[in-house]
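# Per-entry structural report
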Amino acid sequence: MIQPSPWAIAATSELAKNPLPIYNTAILDHLFAVCATGDSLWASVSKKTGGRLWFRVAFWPGGNLKIEEVKETASGAEFRLSFPGGKIGASISIITGSQPVLHYTASLLPSSEMGIPFWPRDILVHAADGQLAADPGKIYAGQEGGRSGFIYFRAPFEGTVLYLQNLTALNEYCEQVHASCAAAVGGNWPELGFALPVGTEALKASKKVTISDAIVVFDTEIPKTEEQVATAYIDLLARAYRLMPKPETSYQDWPTILEKGLKDLLESPGCWSQVAGYKYFNAYVSDYNTPPEIMVQLAVMLPLIDYETWSGKKIDVIEVIAACLPNFFDKKLGTIVRWLPAAEDKLEEEEEQKKPNVMDSWYLHHPLLNLSRLALQGNRQAQKLFLDSLKYAMKVARHFKYNWPVFYKMDTLEIIKAETAPGAGGEHDVPGTYIHILLQAYELTGKSSYLKEAAKAAKHLEGLGLAIFYQ
C-alpha cells in the first residue's frame, strides 16, 4: 500500500462523521448512497459485509461547496452546487441489471479565469471499519498512456469493478487548459480512479466544461483464473460501452477514398525507393535514409491482394512487391531479415534497432505471419520463404525460452534490450504471433511437430494475464 495523500486522509476523516445520505437505493445486494462533505459530493457503494467504495462526483478544494438544489430523476438525482468563484453541475444515475452501473458526471462553470494546479483522484477504498483499506487489493489492468481511461480492480467487498472515464467528454476542458488525458486514470491502492489533468493555461470565465463522465460497472463475481479475468473484463467493458454516447453514423464513400489512396501510393515518388534495380516501399513518406523493411512490403501487399480479389481489377504493383521479397532472405542465417541486406549500410544507428543484424522480435514474426497467409493462398514463393525461415524462428524461440526480448543480434542471439521497462519483461505479444505462425505452418504442411511446438509456446502465455500486450 502506498501511503495515502493528505486529501485521502482528510476525506476519510470527514466521511467518518457519517454525513446524512441525500439519496440511497439498493440493486441486488449492492447498496448505493449519495452524501456531501465540506468539499465534495460523494456516491458510495457497499454491501452488508465488507468495505465501501467512495466515488468523488464533485470537488472543490478548501471547502465551501454548497448544495443549492437537488432534483430526483428516474434513476438517481441531479445536483446544482456552488463555491466561491463558480458553480458545479452534477448528475448521478444508478442503472439496474445483472451488473449494476453507477454513472456520474460533473461540469464546472467558473465565474472568473482560474488555473487547476492539482486535483485528487475520485475513488477511495475503505475497509469495513471505515478507514482507508490497508489490503493491497488487486488491480487487474488500467490505462496505458493516452489510451482508454479505465481501471479494473477487485472491490473491498466480494466482487470486481470496471471504472471507465469518458475522456472524449473532457475535450473542451483539455483544449482550454492545454492538458493531456494520458495516465489520467490510475492511482495506487487505496486512491484510484480519475484525476482532472493539469494544464498550462487557465480555464475561461463563464464557460461551462465537463470535468468528469464516469461509468462504473459492478460484478458480484471475483475471477479466479486468467481466463475468467479476461472474460469478465470484456463483459464489463461491453456493459460500459453501451452506455457511452456514440457519434451519429454517416456515409463514407470508401471506394472513392480507396481509389485516391491507391493512386497516391503508386504515383507518389515519396512512397518508393530503388535499390539494385528493385523497387521498395518506404516505411514513411520520403524517408530515403532508412533501408527498406520486409514488414512494410508485406503489410502493403496483403491488402492490395485483398482489394484485387474484391474488385476484380488487376493490381500490377503486387508483382513488383513480390519480386523484391527474396532479397530479404539471408542465406547464411537461414531466415528473412528486417532490413534489406543490400542497403543495411544506410542505417545510421541513431536507435538501438537501427543497426545491421539487429532484430526487433515483433519484426521477425509479423512478416512470417503475412508470408504464411500468402502461402495458404497458394503463393509458392511465399511458402518457400516462410518454411525456410521457420527453423530459425523456432531456434530463437527455444533459445529465449519463449520469452522474447525487445532487441537481439540475429547471428549470436545476444540480447541488446531485454525489457520494455525495468521489471516489465520483453515483447509479450510475440508468443501469440509465434503460436499463430506455427498453426499456419501446421495447416500448410500437416506436420504435427508444428502443433506440438505451438502447444509448448502457449504454456508461456500463462501468468501474463491482461499484460499480454506489448504495444
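Above: the structure in question.
Notes on the structure follow.

Another aspect to go through is the packing of aromatic side chains. According to the stated counting rule, one finds 19 aromatic pairs in the structure shown. The positively charged end of Lys-246 is found above the aromatic ring belonging to Tyr-241, 4.8 Å away from the centroid. In this structure, Lys-279 packs its charged tip against the face of Trp-272, placed 4.4 Å from the ring centre.

Strand order across the open sheet formed by three strands is β20-β21-β22, with antiparallel pairing between neighbours. Every other strand in the sheet has two partners, leaving β20 (358-360) and β22 (415-417) as the edge strands with one partner each. Neighbour to neighbour, the strand axes of the sheet diverge by 30 degrees on average, direction disregarded. Strands β20 and β21 (407-409) of the sheet are contacted by helix α7 (residues 361-376), whose axis makes an angle of about 70 degrees with β20.

Further remarks concern helix α1 (residues 6-15). Within α1 the residues assigned to the buried category are Ala-8, Ala-11, Thr-12 and Leu-15. Projected down its long axis, α1 shows its buried positions confined to an angular sector of 100 degrees, all on one face. Those residues of α1 hidden inside the fold are in contact with β2 (30-36), β3 (40-46), β4 (52-59), β9 (123-126) and β14 (191-194).

To continue, consider the environment of Trp-60. Counting through the fold element by element, Trp-60 comes out in the loop between β4 and β5 (66-72). C-alpha separation for the pair Trp-60 and Leu-298, spaced 238 residues apart in sequence, amounts to 54 Å. In contact with Trp-60, not counting residues within four places along its chain, are Asp-39, Leu-65, Phe-83, Pro-84, Met-114 and Trp-119.

On to empty space enclosed by the protein, then. On inspection of all chains with the given rule, the structure shows two cavities of 30 Å³ or more. Residue lining of the largest cavity: Arg-56, Val-57, Ala-58, Phe-59, Ala-106, Trp-119, Pro-120, Arg-121, Asp-122, Phe-194, Ile-211 and Ser-212, and that is the complete set. Those elements that provide at least two residues to the lining of the largest cavity are β4 and β15 (209-219). Residue contributions to the lining of the largest cavity peak at four residues, all from β4. When its residues are assigned to classes, the lining of the largest cavity shows eight nonpolar, one polar and three charged.

Burial of β9 is two-sided: the residues Ile-123 and Val-125 facing one way and the residues Leu-124 and His-126 facing the other way are all buried. When β4 meets β9, the two strands line up antiparallel, connected through four bridges. Among the inter-strand pairings, Arg-52 is bridged to a residue of β9, identified as His-126. Bridge count for β9 against β14 is two bridges, and the pairing is antiparallel. Bridge assignment links Leu-124 to a residue of β14, and that residue is Glu-191.

Cut-offs used in this document
What you see as residue numbers is a count from 1 along each chain, following the sequence as written. Residue-level local features of this predicted model are given only where pLDDT is at least 70; pairs of side-chain atoms are given and counted only at 80 or more, and the full residue set underlies all totals for whole chains, interfaces and linings. Here the side-chain values reflect all heavy atoms present in the structure, with hydrogen atoms and water set aside. Any two of the Phe, Tyr and Trp rings considered here, Trp counted by its six-membered ring, make a pair once their centres fall within 6.5 Å; the pair's planes then place it as stacked at under 30 degrees, edge-to-face at over 60, or tilted in between. Throughout this description, the term charge over a ring refers to an Arg CZ or Lys NZ atom that lies within 6 Å of the ring centre and within 35 degrees of the ring normal. In this description, strands pair whenever DSSP reports at least two bridges between them. Counting from the N terminus, the helices are DSSP H or I runs at least four residues long and the strands are E runs at least two residues long. Every axis in this analysis is a line fitted to C-alpha atoms, fitted for helices over the stretch in contact. Angles between the N-to-C directions lie between 0 and 180 degrees. Only heavy atoms matter for contacts: two residues are in contact if any of them lie within 4.5 Å across the pair. Exposed residues in this analysis have more than 50% of their type's maximum accessible area, buried residues have under 20%, and partly exposed residues fall in between, with area computed by a 1.4 Å probe over protein chains only. Note that the arc is computed from the directions linking the helix axis to the C-beta atoms. Within this scheme a cavity is a closed region of a 1 Å grid, computed over the protein atoms alone, that accommodates a 1.4 Å probe without allowing it to escape, whereas a pocket is open but has protein on both sides within 12 Å along at least five of seven lines; lining residues each have an atom within 4 Å of a point. Grid points are joined across faces, edges and corners, and a volume is the space filled by probe spheres set on the points. Charged means Asp, Glu, Lys or Arg here, nonpolar means Ala, Val, Leu, Ile, Met, Phe, Trp, Tyr, Cys or Pro, and polar covers whatever is left, Gly included.

What is shown is where atoms sit, not what they do.
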